Amino acid sequence: MSTDAIVLLKSDHKEVKAQFREFQKPGKTPAQKGKIVDTILELLTVHTYIENEVMYPRVRELLPELEDDVLESYEEHHVADVLCMELAGMQPSDERFDAKTTVLIENVTHHIDEEEQDWFPKVREGLGRKQLQDLGAEMLEAKKTAPRRPEQPSAMKKAIDAVVS
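Only a predicted model underlies this, so the values are computations on that prediction, with no experimental measurement involved.

Caption draft 1: Structural view of the overall build of the protein. Scanning the protein from terminus to terminus reveals 6 helices and 0 strands. Each helix and strand of the protein, ordered N terminal to C terminal, gives the series α-α-α-α-α-α. What you see for the protein is a C-alpha radius of gyration of 16 Å, in line with the 15 Å of a compact globule of 165 residues. Taken along its principal axes, the extent of the C-alpha atoms in the protein is 50 × 30 × 25 Å. A buried classification covers 42% of the 165 residues belonging to the protein. Sequence separation of 24 or more characterises 77% of the internal contacts of the protein that already satisfy a separation of 6 or more. Here the protein has roughly 8700 Å² of accessible surface; of this, 53% comes from carbon and sulfur atoms. Here the protein holds 22 positive side-chain charges and 33 negative ones, and the gap between their average locations is 6 Å.

Caption draft 2: Main features of the packing of helix H1 (residues 5–24) against helix H4 (residues 97–126). Where H1 meets H4, the closest approach of the two axes is 11 Å, and the angle between their N-to-C directions is 155°. If you check the angle between H1 and H4, you find them roughly antiparallel. Two packed elements cross with a definite hand, and for H1 against H4 that hand is left-handed.

Caption draft 3: Here's a closer look at the pattern of salt bridges. Applying the stated criterion to the full structure yields 16 salt bridges. Of the charged contacts, one joins Lys143 and Asp12 as a salt bridge, the two residues approaching to 2.8 Å between their closest N and O atoms. Separated by 131 residues along the polypeptide, Lys143 in helix H5 (residues 129–145) and Asp12 in helix H1 bring together distant segments of the chain. Judged by its relative accessible area of 24%, Lys143 is partly exposed. Judged by its relative accessible area of 9%, Asp12 falls in the buried class. With its nearest N and O atoms 2.6 Å apart, the salt bridge here joins Lys33 to Asp98. You can see Lys33 sitting in helix H2 (residues 30–62) and its partner Asp98 sitting in helix H4, a full 65 residues away along the chain. Residues joined by salt bridges that share partners form a network here, namely Glu22, Lys25 and Lys28.

Calculation criteria
- Residues numbered from 1 in each chain as written.
- Predicted model: local features only at pLDDT ≥ 70, side-chain atom pairs only at ≥ 80, totals over all residues.
- Heavy atoms only, no water.
- Helix = DSSP H or I, 4+ residues; strand = E, 2+ residues; numbered from the N terminus.
- Rg over C-alpha atoms; globule rule 2.2 N^0.38 Å.
- Buried < 20%, exposed > 50% of the residue type's maximum accessible area, 1.4 Å probe, protein only.
- Contact = heavy atoms within 4.5 Å.
- Areas by Shrake-Rupley, 256 points an atom, 1.4 Å probe, with all protein chains shown as cover.
- Lys, Arg positive; Asp, Glu negative; His and termini not counted.
- Charge placed at Lys NZ, Arg CZ, Asp CG, Glu CD.
- Axes fitted to C-alpha atoms, helices over the stretch in contact; angles between N-to-C directions.
- Parallel < 35°, antiparallel > 145°, perpendicular 65-115°, else oblique.
- Left-handed = near helix turned anticlockwise from the far one by under 90°.
- Salt bridge = Lys/Arg side-chain N within 4 Å of Asp/Glu carboxyl O.

Read these as geometric descriptors, not functional statements.
Quick look at the structure:
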């Protein structure tokens, strides 16, 4: 398996988008939607954690010309974190559960598309293969201890850091 950071992040994106499609299929019961959202929350919590803790700081350090892109990504993660926190405290039968999940899906899909079409090519061009592999190895290591739920303290710290930093 490749440890290329961009390959790893794209793999995460693919997994998240598959869950989005599953949620959007018609005929799902509230219980089925709840299980899918739980999976989405876990995937996004881990993914945004490794990006915020490893990928973004290293890219910011190594490619200062991408500073604005990194700052925008932090803000997009913050919006997703808030929605994830709110969804974690809701029941699938709640009136706004589907609407809030739909807004999360729209926001994250926009973020993924922007990263894959605009940001990743700039990062790949700016960093060598070895640097991307080293970053990927760091991210795989961080994934092992990453929070799995948005309400976990290390996930909340990430959200707070994005606001005050």
